[in-house]
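Remarks on the overall topology
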Amino acid sequence: RWRFNLATGAVREEPLDDVASDFPRVHEGLTGSATRYVYSARFDASRRDATPWIDAVVKYDLAMGSSEAHPWGRGRYGGEAVFVPRTVARSEDDGYLMTFVWDEREQRSELVILDALDLTQRPVARVILPQRVPFGFHGMWTASDAIR
């Protein structure tokens with residue numbers, strides 16, 4: 001985590017975890033502001049090739065210094081998770097995480113939707129897709145009323 005003091009220009013770097021992860025995301029409505037939660041893609045440490053095999057999404061609670069993960073399962077690899085706030089959210093993490101997951105065994109992609117309040121639960125939805133979505137596909141969520 002990098003912390004920037006805009007008044008002094010000082011920058012502080014500190015580790016969140018000793019697990020390899022990347023593609024951090026926050027509630028996009030809070031971009032540029034202090035946030036409590038960060039969602040990151042965890043890399044499968046057992047895979048040693050150039051592809052970033054993402055085996056879980058991790059939710060970091062910066063206030064508590066804790067984390068919880070939602071692993072995709074054996075032979076299943078996800079992408080960068082996008083946070084989608086509930087229409088009437090009660091907290092910063094009240095919403096959903098959405099990402100594409102590739103199942104090597106079934107040879108298919110899914111859109112997986114998780115409840116961001118508790119990543120230890122089963123997915124809210126799994127949508128089987130008619131074709132594969134390649135790794136590296138990035139996305140964002142924009143509410144329909146935000147499009148002009």
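Below: a short report on this structure. (Residues numbered from 1 in each chain as written. Predicted model: local features only at pLDDT ≥ 70, side-chain atom pairs only at ≥ 80, totals over all residues. Heavy atoms only, no water.)

Take a nonpolar patch on the surface next. Where nonpolar side chains cluster on the molecular surface, the patch consists of W2, F4, L6 and V11 and spans about 560 Å² of accessible area. Looking at the secondary structure, you find F4 in strand β1 (residues 2-4). (Patch = residues over 30% accessible without salt bridge, like charges linked within 9 Å, V, L, I, M, F, W, Y side chains within 5 Å. Areas by Shrake-Rupley, 256 points an atom, 1.4 Å probe, with all protein chains shown as cover. Salt bridge = Lys/Arg side-chain N within 4 Å of Asp/Glu carboxyl O. Helix = DSSP H or I, 4+ residues; strand = E, 2+ residues; numbered from the N terminus.)

Okay, the environment of I113 next. Along the chain, I113 turns up in strand β10 (residues 108-115). When its relative accessible area of 17% is taken as the criterion, I113 is described as buried. Look past the residues within four positions of I113 in its chain and what remains in contact with it is Y96, L97, M98, P123, V124 and A125. (Buried < 20%, exposed > 50% of the residue type's maximum accessible area, 1.4 Å probe, protein only. Contact = heavy atoms within 4.5 Å.)

If you walk through the whole model with that rule in mind, you get three aromatic pairs. Judged by centre distance (6.4 Å) and plane angle (85°), the ring pair of F23 and F43 falls under edge-to-face. With F23 in strand β3 (residues 21-25) and F43 in strand β4 (residues 37-43), the pair connects residues that are 20 residues apart, well separated along the chain. A residue is classified by how much of its surface remains accessible, and F43, at 23% relative accessible area, is partly exposed. Consider the rings of Y39 and F83, whose centres lie 5.6 Å apart with planes at 5°: the pair is stacked. Placement of the pair is Y39 in strand β4 and F83 in strand β8 (residues 82-85), with a sequence separation of 44 residues. The burial state of Y39 is the same as that of F83; both residues are buried. A cation over a ring is seen here: K59 above Y37, with NZ or CZ 4.6 Å from the ring centre. One residue, R132, lies across the ring of W102, its end atom 4.0 Å from the ring centre. (Phe/Tyr/Trp six-rings, centres within 6.5 Å; stacked < 30°, edge-to-face > 60°. Lys NZ or Arg CZ within 6 Å of the ring centre and 35° of its normal.)

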